[in-house]
Amino acid sequence: METALINRLKAGCIVSCQALKHEPLFGSDIMAGMACAAEEGGAVAIRANTPKDIEVIKKRCSLPVIGLYKQVYGNSDIYITPTMTEVEQIVSAGADFVAVDTTARPRPDGLTLEEFFRSLRERFPSVAIVADVSTFEEGLRMMDLEADLVSTTLSGYTSYSPQQQAPDIELVRKLADLKRVPVLAEGRIWTVSECLRCFEAGAHAVVIGTAITRPQEITKRFVEAIRQRKEVDMNAQR
Ligand SMILES: CC(=O)N[C@H](C=O)[C@@H](O)[C@H](O)[C@H](O)COP(=O)(O)O
């Protein structure tokens, strides 16, 4: 069943529909509307945060859902589905895949990554696991641990990964070249050409969030371009 589900994602566009409490589109109904729009547009799956959003999305949209649950524990840097408690809640909400932070950083529950991953497998043997990583070494480690998919989600979001504005296509290429586990290209994909380059690099599928589902950020890009144009015009007139 996992294999069929993973094959269903192949060469597809996964849309991440997430809005945090402080964002204007926060709310499960709005996120479900986004998910339906993505389905209508031809997306192959949805990536969604919180049990509530996942539950409502699963009711209204027929696509598989990669679920995660962002939670902060004290001063831990790990916030994407950090412990088994969050995994249990998103699986109960109907997630088809579970995305978890599998970076090398210390985990808030004190478990090693191997211990956490092993208990995740034992507890939910039929749930496909997406390992969110930030570097090649982390991706390799998760392939050794036999994650179902590896996603470049966290490249640029750990202190030791390349800090860049563009998607980390090199990371996609290096991981995909191993031909061991399907690789999802995720993070800062803004244009169609970046998306196609991810596939050329060997991505199994791409995950696009902000460029589709965060209108405040989309607006900012237009506004900034207009501001820069005005500046150029004003300088030319001086
Ligand atoms: C780093 C982190 O917390 N990423 C989160 C992971 O679920 C989401 O906030 C991103 O929107 C998602 O990864 C898609 O990426 P982008 O929005 O750049 O297309």
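Above this text you will find the structure in question.
All values reported here derive from a predicted model rather than from experimental measurement. (Residues numbered from 1 in each chain as written. Predicted model: local features only at pLDDT ≥ 70, side-chain atom pairs only at ≥ 80, totals over all residues.)

As for the overall build of the protein
For clarity, the cut-off: Starting at the N terminus, helices and strands are each numbered in turn, a helix being any DSSP run of H or I of at least four residues and a strand any DSSP run of E of at least two. Only C-alpha atoms enter the radius of gyration, while the globule expectation follows 2.2 Å times N to the 0.38, with N the number of residues. Note on burial: count the other C-beta atoms lying within 10 Å of the residue's C-beta; 20 or more is buried, 12 or fewer is exposed, in between is partly exposed, and C-beta positions come from the backbone. A residue pair is marked as a contact if its C-beta atoms, positioned from the backbone, fall within 7 Å.
Regarding its fold elements, the protein presents ten helices and eight strands. Against the 2.2 N^0.38 benchmark of 18 Å for 238 residues, the protein shows a C-alpha radius of gyration of 18 Å, consistent with a compact globule. Each of the three principal axes of the protein carries a C-alpha extent, and together these read 70 × 40 × 35 Å. Taken across its 238 residues, the protein has 42% of its residues classed as buried. A fraction of 57% describes how many contacts in the protein between residues 6 or more apart in sequence connect residues 24 or more apart.

Quick notes on the site of the ligand
Note the following rule: Think of it this way: take the backbone, place a C-beta atom on it, and check whether that atom is within 6 Å of the molecule or strand, in which case the residue is near it. Three classes are used, and their members are as follows: Ala, Val, Leu, Ile, Met, Phe, Trp, Tyr, Cys and Pro are nonpolar, Asp, Glu, Lys and Arg are charged, and the others, Gly among them, are polar.
Close contacts around the ligand come from 17 residues, with S16, Y157, R188, G209 and T210 the closest. Where the shell around the ligand is concerned, the elements lending two or more residues are strand 8 (205–208) and helix 9 (210–213). Its residues placed into classes, the shell around the ligand shows eight nonpolar, six polar and three charged.

Section: the environment of S126
Relative to the elements of secondary structure, S126 occurs in the loop between helix 5 (113–123) and strand 5 (128–132). Exposure remark for S126: the 7 C-beta atoms within 10 Å place this residue in the exposed category. Residues S126 and D77, spaced 49 residues apart in sequence, show a C-alpha to C-alpha distance of 28 Å.

Some remarks on the sheet that holds strand 7 (residues 183–186)
Which entries qualify depends on this criterion: For two strands to count as paired, DSSP must find a minimum of two bridges between them. To obtain each axis, a line is fitted to C-alpha atoms, and for helices this fit is confined to the stretch in contact; angles are then taken between N-to-C directions over 0 to 180 degrees.
The eight strands lie next to each other as 1-2-3-4-5-6-7-8, forming a closed barrel whose pairing is parallel. Across this sheet, the average inter-strand angle for adjacent strands is 25°, counted without regard to direction. Judged from the four bridges that link them, strand 2 (residues 45–49) and strand 3 (residues 65–68) form a sheet pairing that is parallel. Considered in strand 3, the bridge of I46 is made with V65.

Observations concerning helix 6 (residues 136–144)
Here is the rule: Arc, as used here, means the arc of the directions from the helix axis to the C-beta atoms.
Within the span of helix 6, buried status applies to E138, G139, R141 and M142. The arc that holds every buried residue of helix 6, seen down its axis, measures 160°, which confines them to one face. Facing away from the buried side of helix 6, by more than 90 degrees, are the exposed residues E137 and D144. Looking at the buried residues of helix 6, the elements they touch are strand 5, strand 6 (149–151) and helix 7 (169–177).

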